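Tertiary structure, described
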Amino acid sequence: EQGNLSPLPYEINKEIESTLYKKQKTCFYNITTGYFWRRNITSYEINLETNEITIKVNLNPCKIYKLLSKEDVEAISQWDPYALDGRSSQMCEDFKKKEMRTTNADWDIVSNAFYASMPRYNKDKKEINKIISINKLYHPSNMKFFKDERDRLLYNHRNNPNSSYLQSKLLLWHGTGSLSPEKIYECEKSFLPHYASDSNLWGRGCYFAAEAAYSANYCHQTQKGTKVLLLVEVLVGQGIQCLETGTIVNNPPEIPSGSYDSVVGYRNGCWIYVVYHSGRGLPVYEIEWSD
């Protein structure tokens, strides 16, 4: 509900495993804490068809959450957006935006990433944050520049003993605020740090969040009242975690085994990634929804 991914208790995972083994569709589990009149009972109802968890504490209203496996969570940030349709920069010469159908594999993966942190129902079980459209973005020249930047990043880490464990890129969320998203994904190199504000939490850079619920606070609101976020491939490379400071204007100094490529921060239960070079973010999806 607050935009965080939270692991289920071990005993509930075992109950889910048992339910799957029995080929049942729903499992129930109660966790009791406290003693006598101070006893709290947390009830879990897990629907394995819709992958939803209904949680109720004592007589408080029910809350509904999305159920994700460990593999689901890893896949959200590591899958290749262009692998599904085999699209490459050679297949189109100009920028193109293609709306995804609800039956498309892209729709499933992007919507799962969105609802991993965005609540889908309110306490009255009424649907909220309904997705209106998901558009896939193709910008051939930016895709080529992004690939060149990734090759350069990996080359810089050729002597890094941790290079085999390096996640060079992640899929992260970005809200454009008052700026129309088209101004970013249609322009050359897409994300340009020198246009950013000096008053940001980690200085003048391009900011991305691991969870849609955090970026939703900075989403673009259209004239018709809907909201828009971008899902972006970001070259995070080797990051360094920093406390909030507005004095950073570039990456931290180089180290003998390579260099730091991004700054990583943690705010309101969400990991934030900041890059300070142009072209290190490639918008791949635009998602529009309504409250």
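This text follows the structure it describes.
These notes cover the structure that comes with them. (Residues numbered from 1 in each chain as written. Predicted model: local features only at pLDDT ≥ 70, side-chain atom pairs only at ≥ 80, totals over all residues. Heavy atoms only, no water.)

**Section: the overall build of the chain**
Across its full length, the chain holds six helices and 14 strands. Among the 291 residues that make up the chain, the fraction classed as buried is 42%. Relative to all contacts within the chain whose residues are 6 or more apart in sequence, the contacts with residues 24 or more apart total 68%. Accessible area of the chain: about 16,800 Å², with a carbon and sulfur share of 49%. (Helix = DSSP H or I, 4+ residues; strand = E, 2+ residues; numbered from the N terminus. Buried < 20%, exposed > 50% of the residue type's maximum accessible area, 1.4 Å probe, protein only. Contact = heavy atoms within 4.5 Å. Areas by Shrake-Rupley, 256 points an atom, 1.4 Å probe, with all protein chains shown as cover.)

**A closer look at the pairing of strand 12 (residues 262-267)**
Looking at chain direction, strand 11 (residues 239-241) and strand 12 are connected through three bridges and run parallel. Residue Gly 239 lies in a different strand from strand 12, and its bridge partner there is Ser 262. As paired elements, strand 12 and strand 13 (residues 270-275) share five bridges and run antiparallel to each other. Each residue of the ladder has a partner; that of Tyr 266, found in strand 13, is Trp 271. Counting the residues that bridge the hairpin from strand 12 to strand 13 gives two residues, and of these Asn 268 lies at a positive phi of roughly 50°. (Pairing = 2+ DSSP bridges.)

**Looking at the pairing of strand 10 (residues 227-235)**
When you tally the buried positions in strand 10, you get nine out of nine residues, the bulk of the element. Burial along strand 10 is two-sided: the residues Lys 227, Leu 229, Leu 231, Glu 233 and Leu 235 and Val 228, Leu 230, Val 232 and Val 234 are all buried. When strand 7 (residues 169-174) meets strand 10, the two strands line up antiparallel, connected through six bridges. Each residue of the ladder has a partner; that of Leu 172, found in strand 10, is Val 232. Summarising the sheet, strand 9 (residues 220-221) and strand 10 pair through two bridges and their orientation is antiparallel. What sits directly across from Gln 221, in strand 10, is Lys 227. Relative to strand 14 (residues 281-290), strand 10 runs antiparallel, the two sharing eight bridges.

**Some details on the nonpolar core**
Counting residues in hydrophobic clusters, the biggest one holds 27 residues, and the most contacted among them are Phe 114, Ile 134, Trp 173 and Ile 287. Residues within four places of Ile 134 in sequence aside, it is in contact with Lys 98, Glu 99, Met 100, Trp 107, Val 110, Ser 111, Tyr 285, Glu 286 and Ile 287. Counting 15 residues, the second-largest nonpolar core is a separate cluster that includes Leu 172, Tyr 185, Phe 208 and Leu 230. (Core = buried A, V, L, I, M, F, W, Y, C linked by side-chain atoms within 4.5 Å.)

**Points about the packing of aromatic side chains**
One pass over the structure, following the stated rule, counts six aromatic pairs. Through a chain of ring-to-ring contacts, the aromatic side chains of Phe 114, Tyr 115, Trp 173 and Trp 289 assemble into a single cluster. Above the plane of the ring of Tyr 115 lies Arg 120, whose end atom (NZ or CZ) is 4.4 Å from the centre. (Phe/Tyr/Trp six-rings, centres within 6.5 Å; stacked < 30°, edge-to-face > 60°. Lys NZ or Arg CZ within 6 Å of the ring centre and 35° of its normal.)

**Observations concerning the pattern of salt bridges**
On inspection of all chains with the given rule, the structure shows 12 salt bridges. A salt bridge links Asp 106 to Lys 136; the shortest N-O distance between them is 2.9 Å. Here the residue Asp 106 occupies a position in helix 3 (residues 105-115), and Lys 136 occupies one in strand 6 (residues 130-138), the gap between them amounting to 30 residues. The exposure class assigned to Asp 106 is buried, which follows from its relative accessible area of 3%. Two residues, Lys 144 and Asp 148, come together in a salt bridge whose shortest N-O distance is 3.3 Å. In this pair, Lys 144 and Asp 148 are both assigned in helix 4 (residues 140-156), four residues apart and thus about one turn of the helix distant. Residue classification places Lys 144 among the exposed positions, given a relative accessible area of 51%. Via salt bridges that share partners, Glu 149, Arg 152, Asp 261 and Arg 280 belong to a single interconnected network. (Salt bridge = Lys/Arg side-chain N within 4 Å of Asp/Glu carboxyl O.)

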